[in-house]
2 protein chains.
Amino acid sequence: MNEPNARFGPLAAFLPVLQWGRQYDRDMLANDGLAAVIVTIMLIPQSLAYALLAGLPAEMGLYASILPLVAYALFGTSRALAVGPVAVVSLMTAAAVGNLALQGSAEYAAAAIILAMLSGLVLVAMGLFRLGFLANFLSHPVIAGFITASGILIAVSQLRHILGIEAHGHNLPEILGSLASHLDQINIVTLLIGTGSVAFLFWVRKGLQPVLERIGLGKRTAGMLAKAGPVAAVAVTTALAWGLGLDQAGVATVGEIPQGLPKLALPAFDRDLWVSLMGSAVLISVIGFVESVSVAQTLAAKRRQRIHPDQELIGLGAANIAASVSGGYPVTGGFARSVVNFDAGAETPAAGALAAIGIALAALFLTPLLFYLPKATLSATIIVAVLSLVDLSVLKHSWGYSRADFTAVAATILLTLLVGVEIGVMAGVGLSVLLYLYRSSRPHVAEVGQVPGTEHFRNTLRHKVITEPQIVTLRIDENLFFANARFLEDFILNRIAPDRGVAHVVLQCTSISTIDLSALESLESINDRLRDMDVALHLSEVKGPVMDRLKGTHFLDDLTGRVFLSQFDAFKALRNGREAA
Amino acid sequence: MNEPNARFGPLAAFLPVLQWGRQYDRDMLANDGLAAVIVTIMLIPQSLAYALLAGLPAEMGLYASILPLVAYALFGTSRALAVGPVAVVSLMTAAAVGNLALQGSAEYAAAAIILAMLSGLVLVAMGLFRLGFLANFLSHPVIAGFITASGILIAVSQLRHILGIEAHGHNLPEILGSLASHLDQINIVTLLIGTGSVAFLFWVRKGLQPVLERIGLGKRTAGMLAKAGPVAAVAVTTALAWGLGLDQAGVATVGEIPQGLPKLALPAFDRDLWVSLMGSAVLISVIGFVESVSVAQTLAAKRRQRIHPDQELIGLGAANIAASVSGGYPVTGGFARSVVNFDAGAETPAAGALAAIGIALAALFLTPLLFYLPKATLSATIIVAVLSLVDLSVLKHSWGYSRADFTAVAATILLTLLVGVEIGVMAGVGLSVLLYLYRSSRPHVAEVGQVPGTEHFRNTLRHKVITEPQIVTLRIDENLFFANARFLEDFILNRIAPDRGVAHVVLQCTSISTIDLSALESLESINDRLRDMDVALHLSEVKGPVMDRLKGTHFLDDLTGRVFLSQFDAFKALRNGREAA
């Protein structure tokens, strides 16, 4: 239908850098460079924090923010998307890997690296086989519910670092129970740092920008500076912890981070481990893709640009494979940082590659400075970030609009909170597909009659219409295919079997654009069964393409009745037939 | 919509015997009795043969034909359906249980009994929760392909008894390989009995009825007598084997069958075993239900009667639970025997209960006579019965009609033959649902223009129509919901983003009957993104109920354009708007 890259060859479609790279100039470099600086400043604390959330060493967050950005710059189609570790995917990583290994162990980190490889392969495969449409089955309300529940789960899970206690678990009851049983071990200094950071970050988010504007900064500069809040919190609390020797007072800090760039290596191949991570990899891929694409689409539209979902799969897949071979963990496009990237003026995916240089420099030179960074500060940045994701209004919203949507959302939220992220999102998807299949298996069928004085036929239940007892006309408001073929059979036979006065059944086919083989066989069977009851089956208003298809079969030869051009013709002819009889 | 049992209370709906039982009289009893005698004669060799096919002791086939028939008579709604062991379900039982235990072992039989209980519980649960619609997702071509492939598999698997050799396997390569490696052990006497029985049974099926009619029997009597062919084959070969002492010549016979009625007992509860059989139980339930319902519906329609699919689930579930507690294995309605039952004049489900008495008498008194019954004879009856199921024409049929249907059928047939029944049917269902989801996720969208001199708007690609470069009108030929919401976003943005001349997008909503929450959010997002591009979004010809729903939301307030009653109004107004501008 749409050939997105008609001007370019197939290689350029697969490597979008060949498209935008040809026109790359100094101005673009300047704009991308500025955006990269701002994104780097934002990404450093985020990388460290989300690695903490995933239960991984801090350096894995940095590693997941270097090579993946370069890979996405080569293969991705969005000009503003900033990839890297994100909150929900980090939580899902913790859930997936937590089942297989103990947090902090070498196996745990190795499993996360494999998970990134699997996610990458799944994404690339989906892209190559054009399976991006599968993401459509994550309905909007289910995603909204899932993100909200994940946000709550993440915020609650981070309370342990704010309180300075041990606590584990993959759902609300586990985490709360674990927190409650360790409450006696609260570290007051940690709590002060944590709550102080949270308060500061909330203030930065709401209150700093107006202050900066009042002291004469431009609106845009003020907005950009306000994004540096987490970096300020990191710097101040690290300095405090170092200067006051807070690690001696029991404040947990990030500790030693290996200095230097990640080493490249393929993840170990262990068949059983790969198989057991596969399901989680599919979930992470789909969720990450949906999140990422919706951000990318929103931003692209603002500049009348387009993104290509199937190529995005390949871009994100390449990013995850890159994460895996460079010691990172699953990544995707982040909402907040992409918006910042866009607002800062990023023009091409090169901005991402430049940010990768920034993070690489941080890994080379900054890591010794992070030894004293309190974990409570990182948790504070996570809590403030994810609480903006929490939006329970989707429940009210969907309740008012459609009960099917509400059911799917409520199940997603409840199961995510009470059981865990994987069950939660699978239940949401399963339920919405099931409700959809259910609905489509019972199409609306109206028994119609003639509106007096017109050639129109309307529902007998809603309008005063003319009917004849021996003629039953049914209008089917849906395409006919296997899911509703049997329903149609049941419906017609239930209507006709007990009503011995009926001699003609007319199917008004106005809304039917396709009839698949199952439905054709159902029509044949309806025809046969009606013949057994001495009732003739007629069709009216059959669309051209449907008629073409039926003409290739025996159905029209076997039909006991006729095919009428219009419903009015059918009614007139069958009615007169009776009068003649 | 239809309250099937409006004249009766809820108990009578659940126990249909309370409906037909009230009018039961002597004439009905006579008719049912005659039908029961004929079905009993047919069912005895079938029960024994299908137990052999399932790898179970012969008596389990008889037990599966006593209590289940009574249970169905109480709970079922079809007046002609004859339940009991059937070929495809027996094959599926062998596949399910064969993974867990060795054929011939006590564990094997115990697992089959548990499988019957699980199938019964699954069917009853589906009935109570009105999940019968799930069976709709087995499309007709997939069922046809599955039955055909199963028939081939069954016939080939029975060759071992005809040849008198050992051979095992759950798919064609396994069975053929196993047969080939034992070919040197062929027993000639067995082969003679087997091929003789097959030849005789084929002759009975095609040639006996005309002969009987020629010697003066009525057509109906001749037809009924021809059904007794398997009994004649059983009697003759058993007598031969006994008289000539063929068991000494290496002819495998049925051997000792415990005399008497089955003992009632609940199956052993072993959690792991139940869990591992659950998937197979669901498959067997759904396949059995679909087969059974289509037979029951066909026969009911011939007498203008109705069956109630959700109550049928309960009837078949009760039959399976009864099979389990009385030492039987999974049952369902059989095609051939139901037709015989119907033709013999069965008027109510009581015919089934009477046939149960017949089989019970056989279990009490006939079993000693069956000691010398050659297994080759039973296999011959199976082969002749299942070859009538084999019909590869569905492949040609579906190829000509629709490639999606063909793909699903071909996958079902190939995978059933090459891998096994469970994978085969799951692949068929999975593929047809997937193809359906794929199709529904990409609805037809036509860009339309005004047919000159009319108020009609038609596809610009098919008709010479009037368009305006600044107005793009899109007609969406499908309801809007989560599966195609994102597609619509992509479609519209891909169409509009590169076309800077566009100022108005009109969605013509003639074919839209529902908009779910995901689609509503997509419309909001389309509106926002078009606003970012300075393009207004308008709607035309929105149906009443859809408009009602939209009025409850903010969408209409936020809409950048207008809602027009007709597409013609929209085109006129927007066109003039430009001229005024």
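To be clear, the structure that these remarks concern was listed above.
(A) Examining the overall build of chain A more closely. Of the regular secondary structure elements, chain A holds 25 helices and eight strands. Projected onto its principal axes, the C-alpha positions of chain A cover 105 × 60 × 60 Å. Of all 581 residues assigned to chain A, the portion counted as buried reaches 57%. Charge separation in chain A, taken as the distance between the mean sites of 40 positive and 42 negative side-chain charges, equals 8 Å.

(B) Representation of the sheet that holds strand 8 (residues 563-564) of chain B within the structure. Residues and elements named next belong to chain B. Judged by pairing direction, the sheet is mixed, and its six strands sit side by side in the order 4-3-5-6-7-8 without closing on themselves. In this open sheet, the two strands that pair with only one neighbour each are strand 4 (457-459) and strand 8. Pairing of strand 7 (residues 536-540) with strand 8 involves two bridges; the strand directions are parallel. When the bridges of strand 8 are listed, serine 540 appears paired with phenylalanine 564.

(C) Summary view of the interface of chain A and chain B. At the interface, 68 residues of chain A touch 67 residues of chain B. Surface buried jointly by chain A and chain B totals about 6,600 Å² across both partners, of which 56% is contributed by carbon and sulfur atoms. Broken down residue by residue, the surface that chain A buries against chain B is led by Arg304, Tyr401 and Arg486 of chain A, which jointly contribute 15%. Where chain A packs against chain B, one counts zero salt bridges. Here the side of chain A that touches chain B is built from residues that sort into 32 nonpolar, 19 polar and 17 charged.

(D) Spotlight on the packing of aromatic side chains. The full count for this structure, using the stated rule, is 16 aromatic pairs over all chains. Pairing phenylalanine 200 of chain B with tryptophan 203 of chain B gives two aromatic rings, centres 6.3 Å apart and planes at 40 degrees, and the pair type is tilted. Of this pair, phenylalanine 200 of chain B and tryptophan 203 of chain B are both found in helix 10 (residues 188-214), three residues apart, which corresponds to roughly one turn of the helix. Among the residues examined, tryptophan 203 of chain B registers a relative accessible area of 42% and is labelled partly exposed. A ring pair is formed by phenylalanine 487 of chain B and phenylalanine 491 of chain B, whose centres lie 5.9 Å apart and whose planes are at 35 degrees; its orientation type is tilted. A residue pair is termed a helical-turn pair when its members lie 3 or 4 positions apart in one helix, as phenylalanine 487 of chain B and phenylalanine 491 of chain B do in helix 21 (residues 482-496) at four residues. Owing to a relative accessible area of 10%, phenylalanine 487 of chain B belongs among the buried residues under this scheme. Phenylalanine 491 of chain B sits in the buried class, given a relative accessible area of 12%. Taking the ring centre of tyrosine 401 of chain B as reference, the NZ or CZ of arginine 549 of chain A above it sits at 5.1 Å.

(E) Representation of the pattern of salt bridges in the model. Under the criterion given, the structure shown has twelve salt bridges over all chains. A salt bridge links glutamate 447 of chain A to arginine 495 of chain A; its shortest N-O distance comes to 2.9 Å. Here the residue glutamate 447 of chain A occupies a position in strand 3 (residues 445-450), and arginine 495 of chain A occupies one in helix 21 (residues 482-496), the gap between them amounting to 48 residues. Residue classification places glutamate 447 of chain A among the partly exposed positions, given a relative accessible area of 24%. Classification of arginine 495 of chain A as partly exposed rests on a relative accessible area of 23%. Arginine 495 of chain B is the salt-bridge partner of aspartate 499 of chain B, the closest N and O atoms lying 2.9 Å from each other. Salt bridges here are not isolated pairs; linked through shared partners, they connect Glu447, Arg495 and Asp499 of chain A.

(F) Just the relation of the copies chain A and chain B, in detail. When chain A is fitted onto chain B, the two copies agree to an RMSD of 0.1 Å after a turn of 180 degrees and an axial shift of 0.0 Å. Taken together, these values place the two copies in the relation of a two-fold axis. No C-alpha of chain A lies nearer the rotation axis than that of serine 511 of chain A, which sits 3.8 Å from it. Both copies contact each other with a shared surface, as 97% of the interface residues of chain A are interface residues in chain B too.

(G) Local environment of a nonpolar patch on the surface. Residues and elements named next belong to chain A. On the surface, Phe200, Trp203, Val211, Ile215, Leu217 and Leu225 cluster together into a nonpolar patch covering about 520 Å² of accessible area. With three residues, helix 10 (residues 188-214) is the single largest residue contributor to the nonpolar patch. Along the chain, leucine 217 turns up in the loop between helix 10 and helix 11 (219-226). Looking at leucine 217, the relative accessible area reads 32%, which means it is partly exposed.

(H) A look at helix 6 (residues 87-98) of chain B. When the terminal C-alpha atoms of helix 6 of chain B are compared, their 16 Å separation across twelve residues agrees well with the 16 Å that a helix rising 1.5 Å per residue should span. Within helix 6 of chain B the residues assigned to the buried category are Ala87, Val88, Val89, Ser90, Leu91, Met92, Thr93, Ala94, Ala95, Ala96 and Val97 of chain B.

(I) Molecular detail of the pairing of strand 7 (residues 536-540) of chain A. All names here are of chain A. Counting buried residues in strand 7 gives five out of five residues, a clear majority hidden from the surface. Residues Ala536, His538 and Ser540 line one face of strand 7 and the alternating positions Leu537 and Leu539 line the opposite face, and both faces are buried. The sheet contact formed by strand 6 (residues 504-508) and strand 7 spans five bridges and is parallel. Each bridged residue has a counterpart across the sheet, and for valine 506 the counterpart in strand 7 is histidine 538. Handedness of the crossover joining strand 6 and strand 7 through helix 22 (residues 517-532) is recorded here as right-handed.

(J) Geometry of helix 20 (residues 421-440) of chain B. The terminal C-alpha atoms of helix 20 of chain B, which comprises 20 residues, lie 28 Å apart, in line with the 28 Å expected from a rise of 1.5 Å per residue. For helix 20 of chain B, the full list of buried residues reads Val421, Glu422, Gly424, Val425, Gly428, Ser432, Val433, Tyr436, Leu437 and Ser440 of chain B.

(K) Highlighting the packing of helix 10 of chain A against helix 11 of chain A. All names here are of chain A. As a packed pair, helix 10 and helix 11 sit with axes 9 Å apart at the nearest point and diverge in direction by 145 degrees. Here the hand of the crossing between helix 10 and helix 11 comes out right-handed. Residue-level contacts link Val204, Leu208, Gln209, Leu212 and Glu213 of helix 10 to Lys219, Ala222, Gly223, Leu225 and Ala226 of helix 11. A class-by-class count of the residues in the contact of helix 10 with helix 11 yields six nonpolar, two polar and two charged.

(L) The arrangement of the sheet that holds strand 6 of chain A in detail. Residues and elements named next belong to chain A. The sheet built from six strands is open, its strands ordered 4-3-5-6-7-8 with mixed pairing. Every interior strand has two partners, whereas the edge strands, strand 4 (457-459) and strand 8 (563-564), have only one. Sheet topology places strand 3 next to strand 5 (residues 471-476); three bridges connect them, and they run antiparallel. Opposite glutamate 447, over in strand 5, you have leucine 474 as the bridge partner. Each of strand 3, strand 5 and strand 6 touches helix 21; the most contacted strand, strand 5, lies at about 155 degrees to it.

(M) View of unusual backbone geometry. Non-glycine residue aspartate 534 of chain A carries a positive phi angle of around 60 degrees. When you line up the elements, aspartate 534 of chain A lands in the loop between helix 22 and strand 7. In the Ramachandran plot, glutamate 541 of chain B falls in the positive-phi region, its phi being about 55 degrees despite a non-glycine side chain. With respect to the helices and strands, glutamate 541 of chain B occurs in the loop between strand 7 and helix 23 (544-551).

Calculation criteria
The residue count restarts for each chain, going from 1 along the sequence in the order it is written. Labels are handed out in written order, letters beginning with A for the chains and numbers beginning with 1 for the ligands. Per-residue local features of the predicted model are confined to residues with pLDDT of at least 70, and side-chain atom pairs are confined, for both listing and counting, to 80 or more; whole-chain, interface and lining totals are unaffected and use all residues. Only hydrogens and water are removed before side-chain values are computed, so all heavy atoms of the structure are retained for them. The helix count covers DSSP runs of H or I at least four residues long, the strand count covers runs of E at least two residues long, and both are numbered beginning at the N terminus. Each residue's exposure class comes from its accessible area (1.4 Å probe, protein chains only) as a fraction of the maximum for that residue type: buried when under 20%, exposed when over 50%, partly exposed otherwise. Under the convention used here, Asp and Glu are negative, Lys and Arg are positive, and both His and the chain ends fall outside the count. A single reference atom marks each charge: NZ on Lys, CZ on Arg, CG on Asp, CD on Glu. When DSSP locates at least two bridges between a pair of strands, those strands are taken to pair. Contact definition: two residues touch when any of their heavy atoms are within 4.5 Å. Buried area counts how much accessible surface, traced with a 1.4 Å probe, disappears from two parts once they are put together, with both parts' losses summed. For this document, the term salt bridge refers to a Lys or Arg side-chain nitrogen within 4 Å of an Asp or Glu carboxyl oxygen. Asp, Glu, Lys and Arg are counted as charged, while Ala, Val, Leu, Ile, Met, Phe, Trp, Tyr, Cys and Pro are counted as nonpolar; the rest, among them Gly, fall into the polar class. Each Phe, Tyr or Trp ring, with Trp reduced to its six-membered ring, pairs with another whose centre is within 6.5 Å; inter-plane angles below 30 degrees give stacked pairs, above 60 give edge-to-face pairs, and intermediate values give tilted ones. A positively charged side chain is recorded as over a ring if its NZ (Lys) or CZ (Arg) lies within 6 Å of the ring centre. The angle to the ring normal must also be within 35 degrees. Here the copies are matched by least squares. The fit uses the C-alpha atoms of residues with pLDDT of at least 70 in both. Patch rule: a residue counts if its relative accessible area is over 30% and it has no salt bridge; like charges are joined within 9 Å, and nonpolar side chains (Val, Leu, Ile, Met, Phe, Trp, Tyr) within 5 Å. To be clear on the numbers: accessible area is Shrake-Rupley with a 1.4 Å probe, and residue cover counts the displayed protein chains and nothing else. By this rule the span expected of a helix is its residue count minus one, scaled by 1.5 Å. Throughout, right-handed denotes a crossover for which the path from the first strand over the helix to the second runs clockwise when the strands point away from the viewer. For every element, the axis is a line fit to its C-alpha atoms; helices are fit only across the contacting stretch, and the angle between N-to-C directions ranges from 0 to 180 degrees. By definition, any crossing whose near helix is turned counterclockwise from its far helix by less than a right angle is left-handed, and any crossing with a clockwise turn is right-handed.

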